[in-house]
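One letter stands for each residue in the lines below.
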Amino acid sequence: MGLLPFRGADSHPPSVRPRRRDKKGKTTLMSKRFTITRKHLFLLGISAILLLLMACAPDAKQSTFGTSGPVAEQQLLLFNVLLWVMIIVFILVEGVLLYAIIKFRRRPGQDELPPQTHGHTALEITWTIVPTILILGLGIWSAITLFDLDQPPAGADALEITVVGHQWWWEFEYPDADGNGKYITTANELKVPVDRAVRVNLRSDDVIHSFWIPKLAGKIDMVPTRENYMWFQADETGTFYGQCAEFCGTAHAQMKFLVQVLPQEDYLAWVESFGEAPTLSAQAQQGQTVFNSTGGCVVCHTATGSDSQEIVASRVQSFMTTETGIAPGPNLTDLATRERVGAGLVELNRQNLRQWLRNPEDIKPGNYMSGRAAIYQTADGRANLSETEISLLLEYLLSLK
Amino acid sequence: MAHHTEISHHAPEEEHPTTTGINNRKLLMWVFLSSDCLFFGSLIATYMVYRGQSLVGPYPVDIIDVPITTISTFVLLCSSFAMVRALAATNEDRQGAIIFWLLTTAVLGAIFIGFQVYEFNLFKTEGLRIDTNLFGTTFFTLTGFHGAHVTLGIVWLLGLAWVAKRGRLGPKTALDVELAGLYWHFVDIVWIVIFTLLYLIGGFDTGPAGDPSLVPHSITGFLGLI
Amino acid sequence: MATLTDVIDRPTSQSGLWSWITTVDHKRIGVLYGVTAFIFLLLGGIEAGIIRLQLSVPDSTLVSADTFNQMFTMHGTTMIFLVIMPLSASFFNFVIPLAIGARDVAFPRLNAFSYWVFLFGGLLLNASFLTNQAPDAGWFSYANLTEKPFSANQGLDYWALGLQVLGVSSLAAAFNFIVTIVNMRAPGMSLMRMPLFVWMTLVTSILLVLAFPVITVGLIELTFDRNFGTNFFVPEGGGDPILWQHLFWVFGHPEVYILILPAMGIVSEVLPTFSRKPLFGYPVVVFSGVVIGIMGWAVWSHHMFTVGLGPVAVTVFMITTMLIAVPTGVKIFNWIGTLWGGQVDLKTAMLFALGFVALFIVGGLSGVSHAVAPSDNQQQDTYYIVAHIHYVLFGGALFGIFAGVYYWFPKLTGKLFHEGLGKLHFWLYFIGMNVTFFPMHYLGLNGMPRRIYTYASEFGWDGLNMLASLGYLVLFVGTLIFIVNVLISLRKEPDAGHDPWDAPGLEWSIASPPPSYNFAKIPEVEGLDHYWIVKRRAAAEGRPVTEPEAYVDPSTIHMPDPSYWPLVTAIGVLILAGGMLFDTGWDYIRFPIPFIGGIICFIGIIAWANEPPAKEHAGGDHHAEGGHGMEHHPATATAAVMERPAGAGAGAVTVRLLCSNCGNQLSSSFRFCPYCGGAVESPAEPDHQEG
Ligand code: HEA
Ligand code: HEA
Ligand code: CUA
Ligand SMILES: [Cu+2]
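Because the structure is a prediction, the values reported are computed rather than measured. (Residues numbered from 1 in each chain as written. Chains lettered and ligands numbered in written order. Predicted model: local features only at pLDDT ≥ 70, side-chain atom pairs only at ≥ 80, totals over all residues. Heavy atoms only, no water.)

Caption draft 1: Spotlight on the overall build of chain A. Helix and strand content of chain A: nine helices and 12 strands. Residues classed as buried in chain A amount to 51% of the 401 residues present. Only carbon and sulfur atoms are counted for the fraction: they give 58% of the accessible area of chain A, which is about 18,300 Å². (Helix = DSSP H or I, 4+ residues; strand = E, 2+ residues; numbered from the N terminus. Buried < 20%, exposed > 50% of the residue type's maximum accessible area, 1.4 Å probe, protein only. Areas by Shrake-Rupley, 256 points an atom, 1.4 Å probe, with all protein chains shown as cover.)

This is the structure:
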C-alpha cells in the first residue's frame with residue numbers, strides 16, 4: 001500500500017536520485033543569472049508531489065480516491081501505478097528538457113555554430129525500445145485487470161439488479177430482491193447489502209446515459225440498444241453518491257442518485273416491507289385520492305408496490321411517440337425511506353417536497369414532470385393544485401414507507 | 001537538372017514539369033477517388049451492419065429483383081467499355097468517334113439511371129420507402145448516392161461532348177477525357193461492389209430471425225469483435 | 001457557358017477589398033484563413049469564458065442549462081473546426097509553397113474556394129445563434145440524443161449541415177496540398193529533404209482525405225434521420241446509436257492527429273532554428289509522424305471504453321492506443337536531442353515551441369492514463385478528460401500554432417514582433433493555461449463530470465473551479481496582449497530583413513514580405529536545410545548572404561489571375577446547404593432553396609472550368625488549372641537574379657565525403673559541409689580552404 005499515494009498518510013514520496021557528476025565535476029546546472037542546485041530540484045520535486053497529494057480529497061463525496069470495494073480499488077490501484085509511472089516519466093523528461101534549455105542557452109558573443117550533430121542511432125533505438133517495453137508491461141497488466149473486473153468473482157452470490165436510465169432519473173429493478181423471487185421496482189435511491197457483489201444490468205429507455213458510482217466502480221454506459229452490465233461490491237455501509245456521466249440533455253447535470261449500503265438485515269427488512277400498504281392518516285388518505293384522481297399523479301407514478309412491466313412500457317411508449325404524452329415517472333412506493341428527492345438532488349423534507357410539487361422546475365429545470373404533466377401546463381409553470389391539495393399530497397407521500 | 005525549356009502557352013498540360021511526372025489534375029483525381037472510396041466504404045459498412053436488422057418488411061427477399069439489375073449492371077459495364085473507346089478516339093484524334101463514344105457512354109449511363117428510377121418507383125409502390133425500415137434506409141441512401149455520382153458523370157460526359165463538338169478535344173487534351181474516364185470507371189467499380197453485396201449476397205435476406213424488439217450487439221456482425 | 005466568362009471581365013484588382021475577394025494568391029488566402037480563424041478563436045474563447053464564469057461558483061444561475069449546453073457544444077465545435085484546423089490551413093497556405101520552392105499551390109482557385117467554403121461553413125454554424133437554436137449536444141453529438149424526439153429544434157441541423165460544408169472545405173484543401181507537396185517541389189527537393197512542416201502537412205492532408213468522408217457519411221445519415229424519417233440511429237426503428245459513435249470516432253481520432261501534427265511540424269522547424277542545429281534524427285522524426293498518422297486509425301474505440309464493447313475489443317484498442325506513446329515519445333526525445341548541445345535562443349517563437357513540448361508531455365501522459373481502460377472507466381466524461389483535451393489542444397496545438405505565428409510573422413509582413421510583449425504573451429499563456437487546466441485533473445478525479453452546468457457545494461469542487469476560472473482571466477489578458485502586439489508591430493517600419501532568425505528553410509531566401517511570384521528563379525534544393533547550406537557555404541567562401549533573392553518585374557512571370565468563380569461556387573454551396581434548413585413541408589418540393597444553390601454552384605463550376613488560369617492563356621486553353629502556378633519564368637526574369645556560387649548543384653561530384661571540421665558523413669556531393677560550413681575533405685577537390 002506504500003505504493004499508493006492516496007491511501008493512508010504514511011506513504012513516502014521517492015527522493016529524487018542524486019544527479020551524477022558530469023565530466024567537469026560540476027554538480028550544478030549553470031546559467032548566467034541563477035544557479036539551480038540539486039537541493040533546489042529536490043525541494044521543487046517534493047513540494048510538487050506534496051501539492052499533488054494535498055489536492056486529492058478522498059473524502060469528497062464522489063472522489064475516485066476514497067474507494068470502497070474490489071472494483072473501484074483495483075481501478076485505483078491501476079491508476080496509482082500509472083500515476084507513478086507518469087510522475088517519473090514527467091520528472092525525467094521535463095527535467096532533461098529544462099536542463100537542456102538552461103545548459104545550452106545561447107550566450108552573447110556566441111557566433112560560431114554549435115556542433116552540428118544530426119542524430120545518434122543507438123540513442124534513438126534506446127528511446128524507442130524502452131518505452132515500448134514499459135508500455136507493453138503496463139498494457140498486459142491492465143488487460144489482466146480488465147478481464148478480472150469483467151464479471152463478479154465466480155462463486156460470489158451476486159445480487160442482480162437492473163438499472164434503467166430515463167431522462168433524468170433512475171429506475172432500479174430487483175428481479176429477485178430477497179432470494180425468494182420478490183420483484184421490486186424503485187427509483188433514484190439504490191439499496192444494496194454490504195459485502196455482497198451486485199451485478200448490474202444496464203438499460204435505457206430513451207437516450208444514452210452512464211451509470212457511475214465513483215467510490216464503488218467506474219462507469220458503464222446505458223445504451224438503448226444494448227444489454228450492458230457491470231458489477232460492484234461495497235465493503236462498508238453508508239451512503240454513496242452516483243451520477244449520470246454521459247451527456248443526456250438539459251438536466252444531465254442533475255441526474256444523480258444515491259446508493260444506500262445497508263447491513264444485510266436492514267436490507268432484508270426493507271425488501272420485506274416494500275409494497276406493504278402504508279398506514280395512512282385521514283389526511284394522507286385524502287392525499288391518496290388526489291394522487292389517484294383521473295389525470296393525476298398516478299398516470300406516471302406508482303405508489304403502491306412495483307410497477308408492472310406493461311404499465312412502464314406503455315408510459316415509455318407514450319413518452320416516445322407524442323410530444324405531449326405522459327412520461328414514465330419514478331416509483332414512489334418507498335419514497336419516505338429516501339434521503340433525497342429529485343433524483344439525488346435535494347434533501348427529502350416537507351419543505352423541499354412542497355417546492356417540488358409546486359413547481360419541479362425550481363429544483364430541476366427541464367424535468368419531464370412539469371414538462372409533461374397536464375397539471376403543470378400553466379402560464380407560470382406552477383402546479384394547478386391548491387395549497388391544500390399539495391398539503392394533502394405531502395401527507396400521503398411522506399407516509400409511503 | 002534545371003534544364004527546363006521554356007514552355008509555350010499552348011502546350012498541353014502533360015508537359016508541365018511536376019516533381020513526380022504525374023500530371024497535377026490526374027493526381028488530384030486519384031486523391032479524390034481515394035477519398036470517395038472511404039465515402040462509399042462508410043455507406044456500405046452502414047448497410048452491412050444493418051443487414052437483416054429491419055424490424056418490418058418488405059425485406060430484400062420480397063422485393064429485390066436480381067435479373068433486372070443484372071441487366072442494368074451489364075449496361076453500366078458496357079458504358080465503361082464505351083468510355084475506353086472515347087479515350088482511344090481522343091488519343092487518335094478521330095473527332096467524330098470522340099463525340100460518338102462520349103455520347104454512347106452518357107446514354108448507357110442514363111439507361112442505368114433509368115433502371116434505377118424504375119426500380120425506386122417499383123419499390124415505392126411495393127411499400128418500401130426510405131423511412132420504412134432499415135433496409136429501405138440503407139438501400140436508398142447507398143444506391144441513391146451512387147446514382148447521384150452516375151448522374152454527375154453523365155453531366156460531365158455531356159459537357160465533354162459539347163467541347164468535342166467545338167473541336168477542342170484531341171490528343172493534346174486527352175487528359176480531359178482521361179479524367180472523366182477515371183471517375184466513370186471508379187463509379188462503375190463501386191457499382192460492382194454494391195451489386196455484389198446488395199443484390200447477389202444481400203438480395204435474399206429475410207427479416208430478423210429472433211425477437212425484433214431486441215437487437216443486442218447487432219453491430220457485431222460487421223465490425224468483428226467490436 | 002463559355003460565353004459567360006467572355007461577358008464578365010476577369011477581376012484585375014491588386015489592392016483593396018475586391019482584390020482580397022478575388023485573390024487566388026496562396027499568401028493572401030493564408031492571411032484570410034488566419035484572420036478568420038483568429039476571430040473564431042476569440043468567439044470560442046468568449047464561449048469558454050461563459051462556461052468558466054458559470055462554473056466559478058456552485059449553484060450558479062448565470063446562464064440556463066440549455067444555454068450552457070449550447071456554449072460547450074459551440075465552444076468545442078468552434079475550437080476544433082473553426083480555429084485549430086483553419087489556423088493550420090493558414091500555415092499550409094502561407095508556408096508550403098514557399099517551403100517547397102513553388103510559385104503557388106497546385107490549384108490556386110480551388111484554394112480560394114476552400115477558404116470561402118470554410119468561411120461560409122463557420123457562418124452557417126454560428127447563424128444558429130441568431131435564431132436562438134444553437135446546437136446543444138456536445139461536439140461529438142452522440143445519437144440518439146440528436147434525433148428529433150430529443151432535439152426538436154433545428155440546432156443539430158445547423159450543426160450537421162455546417163460540418164458538412166466545412167468538410168467540403170477541408171477536403172478541397174487537403175486535395176490541393178497533397179498534389180502541391182507531391183508534385184510541385186523545387187528540383188532537388190526529394191522527399192527526405194522536405195522540411196518537417198511540409199512532411200506533417202502531407203500526413204495531415206492524407207488523414208483528412210481519408211477521415212472526412214467517414215464523418216460526412218455520419219452527418220448525412222443524421223441529417224436524413226432528422227429530416228427524412230430514416231432510422232439510422234433510431235433504436236425504435238432498429239437503428240443503433242453506437243454506429244454513430246463508431247463513425248464519429250473513426251473520424252474523430254485521426255482528427256485529433258490532424259490537429260496536432262501541423263503543430264508538431266511547426267515546432268520541428270522552430271526548435272532547430274533557435275538551437276542553431278539541425279533537427280536531431282530527421283528521418284526518425286519524419287517516420288514517427290507517419291507512424292502516428294497510421295496508428296491513429298487503429299485506436300478510435302478508446303473513446304468508447306465504457307460503451308460495452310466487451311473485454312477483448314477493449315484490450316485491443318487499449319494496447320494500440322498506449323503504443324502511440326512510443327512514436328510520440330520518439331518525437332519528444334528527438335526534439336530534446338535537437339536542443340542538446342545547441343545554442344538555445346529564447347525568442348518568443350522558441351518559447352512557444354518549448355512550451356508546446358513541455359505541455360504536450362503532460363497532455364500525452366494523461367492520454368496514456370485514459371488509454372488504460374479500467375482506470376478510464378473512472379475518468380471518462382469527467383474533467384480529467386477536459387484537462388487532457390486542453391493540454392494537448394491548447395498547450396499542444398495552439399502553442400505550436402503561436403510558435404508558428406511568431407516565427408513566420410516577419411516573413412509575412414517584413415516586421416518583427418515586439419519581443420517584450422511577445423514574451424509577456426507567452427508567460428501569461430503558459431501560467432494561465434496551467435492555472436486553468438491543471439486543477440481540472442483533480443476535479444475530474446474527485447468525481448466532477450464534464451458538461452454539467454451546475455454543481456452542488458457538497459462535492460468539494462468549489463475551490464478548484466474558482467481557480468480554473470481565475471486562470472481564464474490570465475488567458476484573456478494574454479490574448480489581448482497578443483492583439484495589441486499585432487497592432488503595434490504592424491504599424492512599425494519593416495525591420496525584419498529577409499532572414500531574421502538565420503533559418504534553414506527556402507522561404508527565408510526571398511524578400512519579406514515575399515513578392516507575389518515567391519521565387520523569381522525556382523531554387524535548386526541542395527539538401528535538407530537548404531538555406532543553411534547556401535549561407536554557410538557562402539560564409540565559408542567569405543561572402544555571407546546578406547541579400548534576399550532580387551526582385552523582378554512580376555509581369556514577366558506567369559501567375560494565375562484572380563477569379564470570381566471560387567466565391568460564386570462557394571456561395572452556391574452555402575445556399576445548397578443552408579437552404580436545407582427551410583423545409584416547406586410540401587410533398588415534392590420540400591427543399592426549393594437548395595436547388596437554387598445547386599444551380600449557382602453549377603454555373604460557378606462551369607464558368608470556372610472555362611476560365612483560363614491566367615489571362616494570357618486565353619484561347620484554346622480551357623483547362624481548369626494545374627501546373628501553371630509553377631511554370632518556369634521566361635528567361636528574362638532569371639537575368640536579374642543573384643548569381644549562384646559556382647560549383648553548386650548540377651556540377652558537383654558524387655563521392656562519399658567526410659567533413660574535416662565536424663566529421664559528419666555527407667551523403668551527397670558538397671564542397672562545403674552543410675552542417676558546419678567547414679571544408680570537405682575530398683581527394684577530388686583538394687584546393688579548397690577552411691571556412
Ligand atoms: C491534439 C489532440 C490530441 C492528441 C495529440 C491526443 C493524444 C492522445 N490521446 Fe487524446 N483526446 C483528445 C485530443 C488529443 N489526444 C480529445 C479532444 C479528446 C476528448 C474527446 C472528447 O471526449 O470530447 C481525447 C480523449 C482521449 C481519450 C478518451 C478518454 C475518454 O473519453 O475516456 C483517450 C483514451 O485513450 C485518449 C488517449 C490519448 C493518447 C494515448 C494520446 C497519445 O497520442 C499521447 C502520446 C504522448 C505522450 C505519451 C507523451 C510523450 C511521450 C513520452 C514522453 C514518452 C514516454 C511515455 C511513456 C512511456 C508513457 N485521448
Ligand atoms: C483547440 C481547442 C480548444 C481550446 C483552445 C479551448 C480553450 C479553452 N477551453 Fe475548451 N474545450 C475544447 C477545446 C478547446 N478549448 C473542446 C473540444 C471541449 C469539449 C466540448 C464538449 O464537451 O463538447 C472543450 C470543453 C471545455 C470545457 C468543459 C465544458 C464542459 O464539459 O462543461 C471547459 C471548462 O472550463 C473549457 C474551457 C476552456 C477555456 C477556459 C479555454 C481558454 O483557453 C480560452 C482562451 C481564449 C481566450 C481567453 C479568448 C479571449 C477572448 C478575447 C480576448 C476576446 C476579446 C474580445 C474582442 C476583441 C471582441 N473547455
Ligand atoms: Cu443521463 Cu446524463
Ligand atoms: Cu482519441
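Caption draft 2: Main features of the site of ligand 2. Residue and element names in this part refer to chain C. In the vicinity of ligand 2, 31 residues are found, and the nearest of them are R52, H75, W139, H390 and R451. Residue Y383 places a side-chain N or O atom 3.4 Å away from an oxygen atom belonging to ligand 2. Within the side chain of R450, one N or O atom sits 3.0 Å away from an oxygen atom of ligand 2. Taken together, the residues of the shell around ligand 2 sort by class into 21 nonpolar, seven polar and three charged. (Near = heavy atom within 4 Å. Polar contact = N/O pair within 3.5 Å; in protein donor to acceptor, adjacent residues only side chain to side chain. Nonpolar A, V, L, I, M, F, W, Y, C, P; charged D, E, K, R; others polar.)

Caption draft 3: Quick look at the pattern of salt bridges. Residues and elements named next belong to chain C. Scanning all chains against the criterion turns up 28 salt bridges over all chains. Measuring nitrogen to oxygen at the nearest pair gives 2.8 Å for the salt bridge that ties K535 to D502. Separated by 33 residues along the polypeptide, K535 in helix α17 (residues 530-540) and D502 in the loop between α16 (462-491) and α17 bring together distant segments of the chain. (Salt bridge = Lys/Arg side-chain N within 4 Å of Asp/Glu carboxyl O.)

Caption draft 4: Quick look at the packing of helix α3 (residues 121-150) of chain A against helix α10 (residues 311-323) of chain C. Remark: α3(A) packs on α10(C), axes separated minimally by 10 Å, with the N-to-C direction vectors making an angle of 160°. The orientation of α3(A) with respect to α10(C), classified from their angle, is roughly antiparallel. Crossing of α3(A) against α10(C): the hand is right-handed. For the pair α3(A) and α10(C), the contacting residues are T132(A), I135(A), L136(A), L138(A), G139(A), I140(A), S142(A), A143(A), L146(A), F147(A) and D150(A) in the first and P311(C), V312(C), V314(C), T315(C), M318(C), I319(C), M322(C) and L323(C) in the second. When the residues that make up the contact of α3(A) with α10(C) are grouped by side-chain class, the tally is 14 nonpolar, four polar and one charged. (Axes fitted to C-alpha atoms, helices over the stretch in contact; angles between N-to-C directions. Parallel < 35°, antiparallel > 145°, perpendicular 65-115°, else oblique. Left-handed = near helix turned anticlockwise from the far one by under 90°. Contact = heavy atoms within 4.5 Å.)

Caption draft 5: Representation of the coordination of the iron atom of ligand 2 within the structure. Residues and elements named next belong to chain C. Distances from the iron atom of ligand 2 to its protein donors, namely H75 (NE2) and H390 (NE2), fall within the range 1.9 to 2.0 Å. Taken together, the six donor atoms coordinating the iron atom of ligand 2 and their angles of 87 to 178° define a geometry best described as octahedral. Of the two residues, H75 sits in helix α4 (residues 65-99) while H390 sits in helix α14 (residues 383-413), which places them 315 residues apart along the sequence. Taken as a pair, H75 and H390 share a single burial class, namely buried. (Donors = N, O, S within 2.8 Å, 3.2 Å for Na, K, Ca; no water. Tetrahedral: all angles 85-135°; square planar, octahedral: opposite > 155°, others 65-115°.)

Caption draft 6: Fine view of a nonpolar patch on the surface. Residue and element names in this part refer to chain A. Nonpolar side chains collect at one region of the surface, where L77, L136, I140, W141 and I144 lie side by side and expose about 430 Å² of accessible area between them. Looking at the nonpolar patch, the element that brings in the most residues is α3, giving four residues. Summarising the element assignment, W141 is placed in helix α3. (Patch = residues over 30% accessible without salt bridge, like charges linked within 9 Å, V, L, I, M, F, W, Y side chains within 5 Å.)

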